[in-house]
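As a plain string of letters, each chain reads:
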Amino acid sequence: MTIPEFLAGLPADRQQLMSMLHEAIVANDPKVTCSIKPMMGKEMIMYEEGHYMKYALASVKSHMSLHCMPIYMNTAFHTKYTPLLPAAKFQKGCINFTGADAMPVAIVAALIADCAPVNIPAILENRKKK
């Protein structure tokens, strides 16, 4: 499945926001490559740096999610962005949301731009060596 096919298959009320979030990720982190892959039993847009997942966009029955490895590894991102996205629900490594009001694209673009310098492959490879 292609990314345009994935986005077209989403409920109509989610297509525009998910497309805009996808474009924000691609525009603000040029190191990632994206494709449709399964994670946690669901197909989603996976954004990988090297062979490691850095971000993912998912749409499930009750909400959408932005999985973001840099926020899992860096509490400063939580501290900065939680108040900027008060209608979203932050977890350790993902942000759940139900609509555009919870995920303003400009703020998500800034989050991705902040996360872009985080080198996920290097961090994970260093963990393996310890």
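For the structure, check the block above.
This one's a predicted model, so the numbers in the text were calculated from it and none came from an experiment.

Enquirer: Sorry, what's going on with the pattern of salt bridges here?
Expert: Any two side chains of opposite charge can pair, on the condition that their charged atoms come close. One pass over the full model with this rule turns up five salt bridges. The salt bridge partner of D29 is K54, with a shortest N-O separation of 2.9 Å. Of this pair, D29 sits in the loop between α2 (12-28) and β1 (33-39) while K54 is found in strand β3 (residues 52-59), placing the two residues 25 residues apart along the sequence. With respect to burial, D29 and K54 carry one shared label: buried. For E49, the salt bridge identified is with K31, shortest N-O distance 3.6 Å.

Enquirer: Can you help me understand the nonpolar core in this one?
Expert: Here is a general trend for soluble globular proteins: nonpolar side chains tend to be buried in one another's company. Membership of the largest hydrophobic core comes to 35 residues, with the highest contact counts inside it found for Y55, L66, I95, F97 and M103. Counting residues in each nonpolar core, the second largest holds six residues, with M46, M53, A56 and A58 among its members.

Enquirer: Help me understand the environment of M69, please; the structure alone is not making it clear to me.
Expert: Examined against the element boundaries, M69 turns out to sit in helix α3 (residues 69-73). Along the chain, M69 and Y52 lie 17 residues apart, while their C-alpha atoms are 9.6 Å from each other. Once you skip the residues sitting within four places of it in the chain, M69 turns out to touch M53, K54 and I120.

Enquirer: How should helix α5 (residues 105-115) be read in this particular structure?
Expert: The periodicity of an α-helix, 3.6 residues per turn, causes residues three or four positions apart to be oriented the same way. Of the positions making up α5, those classed as buried are V108, A109, L111, I112 and C115. Projected onto a plane normal to the axis of α5, the buried residues spread over an arc of 160 degrees and lie on a single side. Looking at the packing, one finds that the buried side of α5 touches α2, β3, β4 (64-68), α3, α4 (75-81) and β6 (94-97).

Enquirer: Would you explain the sheet that holds β6 in this entry?
Expert: Either a parallel or an antiparallel arrangement is found when strands of a sheet pair, and the pairing is made through backbone hydrogen bonds. In spatial order, the strands read β1-β2-β3-β4-β6-β5; together these six strands make up an open sheet with antiparallel pairing. Bordering the open sheet on either side are β1 and β5 (89-90), each of which pairs with just one other strand. Bridge count for β1 against strand β2 (residues 42-49) is seven bridges, and the pairing is antiparallel. In the strand pairing of β2, C34 is matched with Y47. Against the sheet, α2 engages β1, β2, β3, β4 and β6, with an angle of about 165 degrees to β3.

Enquirer: What should I look at first to understand the pairing of β4 in this one?
Expert: On a regular strand, one side chain projects to one face of the sheet and the next to the other, so that they alternate. Among the five residues that make up β4, five are buried, leaving the element largely enclosed by the rest of the structure. Side-chain alternation along β4 places M64, L66 and C68 on one buried face and S65 and H67 on a second face that is also buried. With five bridges joining them, β3 and β4 adopt antiparallel strand pairing. Looking across to β4, one finds that A58 is bridged to S65. Between the antiparallel neighbours β3 and β4 lie four residues. Here four bridges tie β4 to β6, and the two strands are oriented antiparallel to one another. Looking across to β6, one finds that L66 is bridged to I95.

What counts and how
Residues numbered from 1 in each chain as written. Predicted model: local features only at pLDDT ≥ 70, side-chain atom pairs only at ≥ 80, totals over all residues. Heavy atoms only, no water. Salt bridge = Lys/Arg side-chain N within 4 Å of Asp/Glu carboxyl O. Helix = DSSP H or I, 4+ residues; strand = E, 2+ residues; numbered from the N terminus. Buried < 20%, exposed > 50% of the residue type's maximum accessible area, 1.4 Å probe, protein only. Core = buried A, V, L, I, M, F, W, Y, C linked by side-chain atoms within 4.5 Å. Contact = heavy atoms within 4.5 Å. Arc of directions from axis to C-beta. Pairing = 2+ DSSP bridges. Axes fitted to C-alpha atoms, helices over the stretch in contact; angles between N-to-C directions.

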